[in-house]
Structure formats: structure tokens, C-alpha cells
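Each chain is listed here by its residues.
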Amino acid sequence: MAPSFDLWAKGSHKGTPVVVKMENPNWSMFELEGPSEDDFLIGNTPTGSREKARGKNAKQLTWVLLLKAHRAAGCLTSIGSAFVSLGSTIRRRVASGRTDADSTSSNENKTVKTRFYNCIKVFLWLSLLLLGFEIAAYFKGWHFDAPKLQLQYVFTSPYGVRDVFDWVYTRWVLIRVEYLAPPLQFLSNFCIVLFLIQSLDRLILCLGCFWIRLKKIKPIPKQDAVADLESGENGFFPMVLVQIPMCNEKEVYQQSIGAVCNLDWPKSKILIQILDDSDDPTTQLLIKEEVHKWQQEGANIVYRHRIIRDGYKAGNLKSAMGCSYVKDCEFVAIFDADFQPTPDFLKRTVPHFKDNEDVGLVQARWSFVNKDENLLTRLQNINLAFHFEVEQQVNGIFLNFFGFNGTAGVWRIKALEESGGWLERTTVEDMDIAVRAHLKGWKFVFLNDVECQCEVPESYEAYRKQQHRWHSGPMQLFRLCLPDIIRAKISVWKKFNLIFLFFLLRKLILPFYSFTLFCIILPMTMFIPEAELPAWVVCYIPATMSFLNILPAPKSFPFIVPYLLFENTMSVTKFNAMISGLFQLGSAYEWVVTKKSGRSSEGDLVSLVEKKPKHHRVGSEPNLEEMKADLQQEQEQKARKKKHNRIYTKELSLAFLLLTASARSLLSAQGIHFYFLLFQGISFLLVGLDLIGEQVL
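Criteria and cut-off values
Residues numbered from 1 in each chain as written. Predicted model: local features only at pLDDT ≥ 70, side-chain atom pairs only at ≥ 80, totals over all residues. Heavy atoms only, no water. Helix = DSSP H or I, 4+ residues; strand = E, 2+ residues; numbered from the N terminus. Buried < 20%, exposed > 50% of the residue type's maximum accessible area, 1.4 Å probe, protein only. Areas by Shrake-Rupley, 256 points an atom, 1.4 Å probe, with all protein chains shown as cover. Expected span 1.5 Å × (residues − 1). Bend = angle between axes of the 7 residues up to and from the residue. Polar contact = N/O pair within 3.5 Å; in protein donor to acceptor, adjacent residues only side chain to side chain. Pairing = 2+ DSSP bridges. Right-handed = clockwise from strand over helix to strand, strands pointing away. Contact = heavy atoms within 4.5 Å. Axes fitted to C-alpha atoms, helices over the stretch in contact; angles between N-to-C directions. Parallel < 35°, antiparallel > 145°, perpendicular 65-115°, else oblique. Left-handed = near helix turned anticlockwise from the far one by under 90°. Nonpolar A, V, L, I, M, F, W, Y, C, P; charged D, E, K, R; others polar. Phe/Tyr/Trp six-rings, centres within 6.5 Å; stacked < 30°, edge-to-face > 60°. Lys NZ or Arg CZ within 6 Å of the ring centre and 35° of its normal. Salt bridge = Lys/Arg side-chain N within 4 Å of Asp/Glu carboxyl O.

Novice: In this structure, what is going on with the overall build of the chain? I would like to understand it.
Specialist: Check the secondary structure of the chain and you find 21 helices and 11 strands. With 697 residues in all, the chain has 49% of them scored as buried. On the chain, roughly 34,000 Å² of surface is accessible, and the fraction owed to carbon and sulfur atoms is 60%.

Structure below.
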């Protein structure tokens, strides 16, 4: 046997060479031999060959391990540097930040806000206490693999009542099972039912939008109205009043005034009102100069400034509609200060009124010049794209009713007058007039293919204030108009749509269950595992709804997870605003003008320059030139000022609460709940430290 073995071994190759290239360029390349047949026959080889083989294999293994260690070190280094960078950013933000209490309005009820914040702090400290208690119990052997806990386990547990801690924990488990879990489970089930109803409503809206796209349904004006517009000056050109309400918005006044002055409509059939509520003298003079400049170019434009600035935007519009020359106008188009309508805006909206005497409003959708500016603007674009393309379009096609968006719309003045005009009783004057007009029988038309460019807030502080006004106002309005809806001579279906769908489901129930279910109940179920929250409520249905929400903006699909987390994070602000509006608290009447940056699309600027190049050569009075220079110097000084971030205490408290609950979920091996709580807690942390959006001066 020995000779045959030697002959076989002699004819064999010694291994396949393997070339390994190290990632570090300072290292050399080595040729490592693969194992040969001799390596597998060590038992039959002499002792020297055996030791040699062991040495060769050890050398190869050393290089392989060294290669893997190098790669692992590189990975750890990159992760470590990322964490260090994030930590330094957080440290800088905290050092330079200001709490949201610094910006509290004088109109806000600070007592109520403090109580709300104190409730969250109580939940946080209680959760930290329970987390320490549960960890101690875990290491003493109280391991619960499932959220359901049988009482028999407590009494038959092999751990028994051995000491004081075990006796206390046993009592705690009994209290959980008997007294805490049932009401928590009832509240959880109640919120789940609301969640399912709201999800069903959103699904129906999406199916309606799909049907509109499939059948290519859209409002079409009368053919003779379009023909009249194309026929020239003798066609259908009713007198249109254009209003631009503004207040201390010197960043955007030029582009909005320039856009409306370039509307393609006969000069004798259009009157432009600049409704300036600014209390800054420099801004007033600059806007006056811009109006005067366009007057010299032949535009039919007037400047109007109120001495008594009551009622915010509603008071401004109401005052303007009282002018004597308004009686000569048949329609009124309203644009906020940052909106830039295209020249054909009136030609695409006004024809829908001809021979449709029951149409009171034609609303265009919004598009955003800064939607890709940062993560916050991208998430807002997802939300607003769904609002216009799905909610507004479906309600406009199938119900002829939707909430007026306050701008980029044309009203029949007769509809405004019959509905009672602009009222100053809420901060959502646009929704107020829309509901009252609907109760009077007027129909609304939404044009999804007519866009008007504007801005979305780029800082979280501005967005937060805007959302507070948008969610507190509807609850004020609901309290005020509920008796009118009940007494109105409209169909039962329209009353049901207004009361349940328009107000309760989409304005009250949505922020209520979002905050209660995902920010309060879910963390509590981690410490009271006998009350269950199914995985499909935590993950699958929210993911499905987020996917439906993102369909109108398919380019935003990579942001579907941040969108889901951010919407839950915003539920704190929306819930607080809803409570303020429902119970008429001080902050419900707070009105803060949304900060604008004055961005314009390149296409609009080019078209404006090509159409009216002489506008830039119009001179100004010397004192105005000096004011412009002073204003530019002031802006440069502001640019040099150090920007800061606000520290939002409620969001930070909820972040720590959710992260604490995620740590507790690890003890009961609840996988999907852990990941949701972890990422939701991180989302609250980023928002609480104002790490999303632009910084503010």
C-alpha cells in the first residue's frame, strides 16, 4: 500500500494559486496557495511534513483573517465617524438652539400648554421607572415570551414569591391583568376602529381618483365660452377683480405683483387690488413703488392699506370688497403673496362660469417652486399632492364641494355676497366661506390641470405654525356652523358628508387616533403587554396607506418611510391644535404669517424678463433708492447673523418615551413593535432637535 500511495502523491499538483488584493494600497500582493491533497492526508505523512502543512495553513488563515479584520475595521471606522458627526451636530444644535417656549405667542394659553407638556413628562418618567423595574424582573427570571400572560403562570411559576421584589412584581402583574389592561385594550380597540374607518375613507378616495384617471374625467367649459375667448376683445371677457392680500412679505411682493399684472386678459376688464396689511413702513413704501411702477406701464392696479388691521386676512378681504368700484366686477380671483399665476390663468378658469349659474368657485391646484429644497419640503409635497389630486379632485367631481384653499381660486361675487361674505370668526376664513356657500346651494369646480406656483415652508418652525392654524381653525368652524348645517335645507347625504366626513373624520378623528394610537397606546402596551396592538395595525396598514398617499407624487417613492414617520410625528402638533380649536383655547386664535423665502422658478423669471424688459429700467424716487439700499444692507446683516434651531420639548419628550418603550419591547421579543418604536422615536428626536428643514435667523 505504501508504494502505491507514494506514486499517487508524486503525481498530484500542490494546490491552486489564489491571488488576494488588499484594499490598502500600501500593502503588497501575496499569492496564497490553496489546500492540496496532502493537506487532507496528514495522518499518513511524516511528522515534519505534518508540521510544515500546519504552518502553511496557519499562515494562510492569518492572512484571510487579517483581510477580514481590515474590512471590518474600515466598516466600523465609517460607522463610527458617522455617529461622531451626528453627535457633534446634535451638540451644536442643542448649544445654539432655543426652546419652543421662547416663541410662545401672547395669545396662547400657556397654562393649558404647560399641562399638556406635563402629562407627556409624567408618561416619560413613569415609563423610565417601569423600564428599570422590568429589566430587574427580567434578570431575576421573569421572562414573558408572548404579550398574553396567564394568571396561572404567576402562581405556578417556579420562581414563586421568594423575596420582596418577586412579591411586588407579582402584585404588579395582577394589577396589570385585572385593572390596567382592560381599559387600555378598550381604548386601543376604539382607536383601531377609527383607524380602519379613516383608512377605508382614504381607500375610497384613491379608488375614485383611479376611476377619474381611467375614464379621463375632468371639468370642461362650454365650447362657446372657449370660442368667445379665442375671438378676441368682443368675446366672453367679464370684469374680474384680482386681489393679493399680503402682510410684511417683502420677499415675494415683486414676483406676485408682476405675475398678476401679466395675466392675459383685456386691461379694461381687470382690476388688481394690492391689499397691504404691512406694519413695516419700509415694506409699505416698497410695495407702493412697485404698484406705481406697474401703473406707469398701463396696468389697472391700485394699492390699499388699512389703518385698523382687524380680522387678519378675512378682515383685509372684507374691507376690500366694500369698495364702491367692486360692484362693477362679476368675479374675483384671490392669490396669496407668494403665488405666481401663469398668464393664461383667467382664460382657463373663468370660462367654467359661463352658462353655469350655479357654479360659485373655480379652484386651481398648487405646484411648488421649492419642493426639492430639503427633506421637509419633499415630505410636504407628498402630502399636498395627495390633498389636491385625490381629495380635492374626487370631491369636486363627485360632490361639487370641497374646502376652498384660500388662494389660486376664482369666486363669483354673487356667491360671496349671498353666503354672507368674509367673516372674521375663525382663522380659516377660506373654509368658512366654502361651507356657507355650499349650504346655499353653490357648486364648486376643481381644475387639476391648472397649476399655480407657490412656496412651501422650508423651516420646521414655519411649517409647525402653519399646521397649527390649519388644524385649529376647522374645529372652531365646526362648533360655529354645526347648527347651520343641521338646519340647512340640503339633502341628508350632504349633511352627513359635511358633519362626519368633512369635519369629524378628516379634521378631528385623524389627528386624534394618530396621536393616541401611535404615541400613547403603543408605548403603553409595551409596559402592559396584556393589552395587545396587532402587527397589522402597527406596520401593514400604515405602510399601505403611505403607499397610497405617495401615488400622486411617484418621484417621492424613496421617501415613503420618512413620510410615514414624519406624519406620525406631526400628529402631536395637529392633536394640540385640534384640542385648542375644539375647546376655544387661546392658541386657536393665533395667526402667524408663514415665512417665505421669495423663490421663483427659472422659467417664470425668463418669461417675465422677455415679456417686459423695460420694467427693470423704470426709475424710482431717490428716497426709495436709499430705502432699497438700507433694506439690502439689513438683509446682508441678517445673513451674517448666526442661525439657530429651536428645541421642541414635546417632541423630545415623546422621543425618549418611544425609545424607552422600544427598549422594553426587547424583553418580550416583540419584533415589529421594536422597530416601529425605535424608528418613530428617532423621528421624534430629529424633529425635536430641529434637524429637519432649514435653520431660522
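The structure having been displayed, the exposition proceeds.
Novice: Explain helix H11 (residues 375–398) to me, please; I cannot follow it from the model alone.
Specialist: Since the α-helix packs 3.6 residues into each turn, any two residues three or four apart lie on the same face. Between its first and last C-alpha, H11 extends 34 Å over 24 residues, near the 34 Å set by a 1.5 Å rise per residue. Largest kink in H11: about 30 degrees, centred on His387. For H11, the buried fraction is high: 18 of the 24 residues fall into the buried class. N-cap assignment for H11: the residue whose side-chain oxygen lies 3.0 Å from the backbone N of Leu376 is Asn374. Looking at the residues trailing H11, positive phi occurs at Asn400, about 55 degrees.

Novice: What is the right way to look at the pairing of strand S6 (residues 301–305) in this model?
Specialist: For a regular strand, side-chain orientation follows a simple rule: the groups alternate between the two sheet faces. Sheet topology note: the strand S5 (residues 270–276)/S6 ladder contains five bridges and is parallel. Each residue of the ladder has a partner; that of Leu275, found in S6, is Arg304. Once you follow S5 into helix H8 (residues 281–296) and on to S6, the crossover reads as right-handed.

Novice: Would you explain the environment of Asp310 in this entry?
Specialist: Mapped onto the elements, Asp310 comes out in the loop between S6 and helix H9 (312–321). Its relative accessible area of 46% is what places Asp310 among the partly exposed residues. The spatial distance from the C-alpha of Asp310 to the C-alpha of Asp277 is 9.6 Å, given a sequence separation of 33 residues. Residues in contact with Asp310, not counting those within four places in the same chain, are Gly315, Asn316 and Glu424.

Novice: Explain the packing of helix H13 (residues 429–439) against helix H15 (residues 492–527) to me, please; I cannot follow it from the model alone.
Specialist: For any two helices packed against each other, the geometry comes down to the angle between their axes and how far apart the axes lie. The interhelical angle for the contact between H13 and H15, taken along N-to-C directions, is 160 degrees, at an axis separation of 11 Å. Relative to H15, the element H13 is oriented roughly antiparallel. Classified by chirality, the crossing of H15 by H13 is right-handed. Contacts from Met431, Val435, His438 and Leu439 of H13 reach H15 at Lys494, Leu498, Phe502, Phe503 and Lys507. Classifying every residue of the contact of H13 with H15 by side-chain character gives six nonpolar, one polar and two charged.

Novice: Looking at this model, I keep getting lost on helix H21 (residues 671–688). Mind explaining?
Specialist: Relative to the 26 Å expected for 18 residues at 1.5 Å per residue, H21 spans 26 Å between its end C-alpha atoms, a close match to the ideal helical length. Structurally, H21 contributes buried residues whose contacts are with helix H14 (460–487), H15, helix H16 (535–550), helix H17 (560–582), strand S11 (646–647) and helix H20 (649–667). Asp690, located one to two residues past H21, shows a positive phi value of around 60 degrees.

Novice: Please explain the environment of Cys539 as it appears in this structure.
Specialist: Positionally, Cys539 belongs in helix H16. Note on Cys539: relative accessible area 24%, which makes it partly exposed.

Novice: How should unusual backbone geometry be read in this particular structure?
Specialist: For residues besides glycine, phi is generally negative; the peptide bonds are generally trans as well. At Asn248, a residue that is not glycine, the phi angle is positive and equals roughly 55 degrees. Note that Asn248 resides in the loop between strand S4 (240–246) and helix H7 (253–261). Judged by relative accessible area, Asn248 falls into the partly exposed class, the value being 30%. Residues other than glycine seldom take positive phi values, yet Ala408 does so here, at roughly 60 degrees. On the secondary structure map, Ala408 appears in the loop between H11 and strand S9 (409–412).

Novice: Sorry, what's going on with the side chain of Asn395 here?
Specialist: Relative to the elements of secondary structure, Asn395 occurs in helix H11. The residues contacting Asn395, other than those within four sequence positions of it, are Leu205, Asn400, Phe401, Phe402 and Arg506.

Novice: Which parts of the structure should I look at to understand the packing of aromatic side chains?
Specialist: Think of a pair of aromatic rings as described by two things: how far the centres are apart, and how the planes are tilted against each other in angle. The final tally for this structure, using the stated rule, is 29 aromatic pairs. Measuring from ring centre to ring centre gives 4.9 Å for Phe237 and Trp265, while their planes differ by 70 degrees; the resulting arrangement is edge-to-face. Of this pair, Phe237 sits in the loop between helix H6 (223–230) and S4 while Trp265 sits in the loop between H7 and S5; the two residues are 28 residues apart in sequence, bridging distant segments of the chain. Trp265 carries the same exposure label as Phe237, and that label is buried. Between Phe339 and Trp366, the aromatic rings sit 5.2 Å apart at their centres with planes inclined by 75 degrees, giving edge-to-face as the arrangement. Here Phe339 is found in the loop between strand S7 (331–334) and helix H10 (345–349), whereas its partner Trp366 is found in strand S8 (residues 359–368), with 27 residues between them in sequence. Among the residues examined, Phe339 registers a relative accessible area of 3% and is labelled buried. Across the ring face of Phe502, the terminal group of Lys507 is positioned such that the distance to the ring centre comes to 4.3 Å.

Novice: What should I look at first to understand the side chain of Asn374 in this one?
Specialist: Structurally, Asn374 can be placed in the loop between S8 and H11. For Asn374, a relative accessible area of 11% puts it in the buried group. At 3.0 Å, the side chain of Asn374 and the backbone nitrogen of Leu376 are in polar contact. Here Asn374 is in contact with Glu458, Gly693 and Glu694, once residues within four sequence places are set aside.

Novice: When you look at the sheet that holds S7 in this model, what are you seeing that I'm missing?
Specialist: Whether parallel or antiparallel, the strands of a sheet pair through hydrogen bonds between backbone atoms. The strand order S6-S5-S4-S7-S9-S8-S10 describes an open sheet built from seven strands, whose pairing is mixed. Every other strand in the sheet has two partners, leaving S6 and strand S10 (443–454) as the edge strands with one partner each. Across the sheet, the mean angle separating the axes of adjacent strands is 20 degrees when strand polarity is ignored. The pairing of S8 with S10 spans nine bridges and is parallel. Residue pairing in the sheet places Trp366 in a bridge with Cys452 of S10.

Novice: Can you walk me through the pattern of salt bridges in this structure?
Specialist: Proximity of charged atoms lets side chains of opposite charge pair with each other. Applying the stated criterion across every chain yields a total of 25 salt bridges. Among the salt bridges present, the one from Glu330 reaches Arg412, with a minimum N-O distance of 4.0 Å. Residue Glu330 is located in the loop between H9 and S7, and its partner Arg412 is located in strand S9; the two are separated by 82 residues in the primary sequence. A salt bridge links Arg365 to Glu389, with the shortest nitrogen-to-oxygen separation between them at 3.3 Å. With Arg365 in strand S8 and Glu389 in helix H11, this residue pair connects regions lying 24 residues apart in the sequence. Summarising the burial analysis for this pair, Arg365 and Glu389 share the class buried. Three or more residues joined by partner-sharing salt bridges are found here, namely Glu134, Arg176, Glu530 and Arg664.

Novice: Could you clarify how one ought to interpret the packing of H20 against H21 in this entry?
Specialist: Running from amino to carboxyl end, H20 crosses H21 at an angle of 160 degrees, the nearest separation of the two axes being 8 Å. On the basis of their axis angle, the class for H20 and H21 is roughly antiparallel. The way H20 lies across H21 gives a crossing that is left-handed. Facing H20, whose interface residues are Glu651, Leu652, Leu654, Ala655, Phe656, Leu658, Leu659, Ala661, Ser662, Ser665 and Leu666, H21 presents Phe674, Leu677, Leu678, Gln680, Gly681, Ile682, Phe684, Leu685, Val687 and Gly688. A per-class count over the contact of H20 with H21 returns 15 nonpolar, five polar and one charged.

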